[in-house]
Amino acid sequence: MKILLLYVYDIITLLNKMKRMCFKLKEVCIYTDGACRGNGKDENIGGYGIILMYKDIKKEIKRAFKNVTNNKMELLSAIDALKMLKEPCEVKLYSDSQYLVRAFNEGWIVGWKKNNWKRKEGELKNADLWKELDKLNSVHKITWIWVKGHADNEYNNRCDKLANEAMDELIKEEKEEE
């Protein structure tokens, strides 16, 4: 059964690639940033900021969560951004997470997938999120681009600000509920 599912997944991936080759895809630019206050502690707060750009349309998204990790926020920001696309697109996805960008650009994800979503050293953290990203990566033609965080990239800085705003708003909501 597992082999059959992998076979079906490979066929779907191939069909999506063929479709991308036959039709001009919409070109979308995405910036994402994840953040976490208290990363590694039992009680923390995380958030992300996303900027989606298509032609002259720009959309900003922010969300916050409790008890997460910074890596989880980085991955989830990319997943949620890609899920907002209503059709296969040619995407330039910018992130300051080397973990995210290098996983695709250096082929780590291929190795994890071949190893049944495990690392050579053992468990792959956030395997569920990596699997979802892998599926989305097969739907869209994505160029994964690393940008230096907290530097001079206006969109990355804006995503960082959105992530922090989302966390601040969640803290405020929780205080109001007390």
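Residues numbered from 1 in each chain as written. Predicted model: local features only at pLDDT ≥ 70, side-chain atom pairs only at ≥ 80, totals over all residues. Heavy atoms only, no water.

### Some remarks on the side chain of Ser97
Rule in force here: Strands here are runs of E lasting at least two residues and helices are runs of H or I lasting at least four, both read from the DSSP assignment and numbered beginning at the N terminus. Accessible area is worked out with a 1.4 Å probe on protein chains only. A residue is then buried under 20% of its type maximum, exposed over 50%, and partly exposed in between. Polar contact is the term for a pair of N or O atoms within 3.5 Å; when the atoms are in protein, one must be able to donate a hydrogen and the other to accept it, and sequence-neighboring residues count only if both atoms are side-chain atoms. By the convention used here, residues are in contact when the closest approach between their heavy atoms is within 4.5 Å.
By the element assignment, Ser97 lies in the loop between strand S4 (89–95) and helix H3 (98–105). The class for Ser97 is buried, based on a relative accessible area of 6%. Polar contacts involving the side chain of Ser97 include one to the main-chain amide nitrogen of Leu100, which spans 3.1 Å. Apart from residues no more than four positions distant in its own chain, Ser97 is found in contact with Glu74 and Trp146.

### Things to note about the sheet that holds strand S7 (residues 141–146)
What counts here: When DSSP finds at least two bridges between two strands, those strands are taken to pair. An axis is simply a line fitted to the C-alpha atoms; with a helix, the fit covers only the stretch in contact. Between two such axes, the angle follows the N-to-C directions and lies from 0 to 180 degrees.
An order of S3-S2-S1-S4-S7 is seen for the five strands of this open sheet, with the pairing classed as mixed. At either end of the open sheet lies a strand with only one pairing partner, and these are strand S3 (57–66) and S7. For this sheet, the mean inter-axis angle between neighbouring strands, taken without regard to orientation, is 20 degrees. Across six bridges, the pairing between S4 and S7 is parallel. Along S7, the bridge assignment pairs Ser95 with Trp146. The strands touched by helix H2 (residues 70–83) within the sheet are strand S1 (26–37), strand S2 (45–54), S3, S4 and S7, with S1 carrying the most contacts at an inclination of about 155 degrees.

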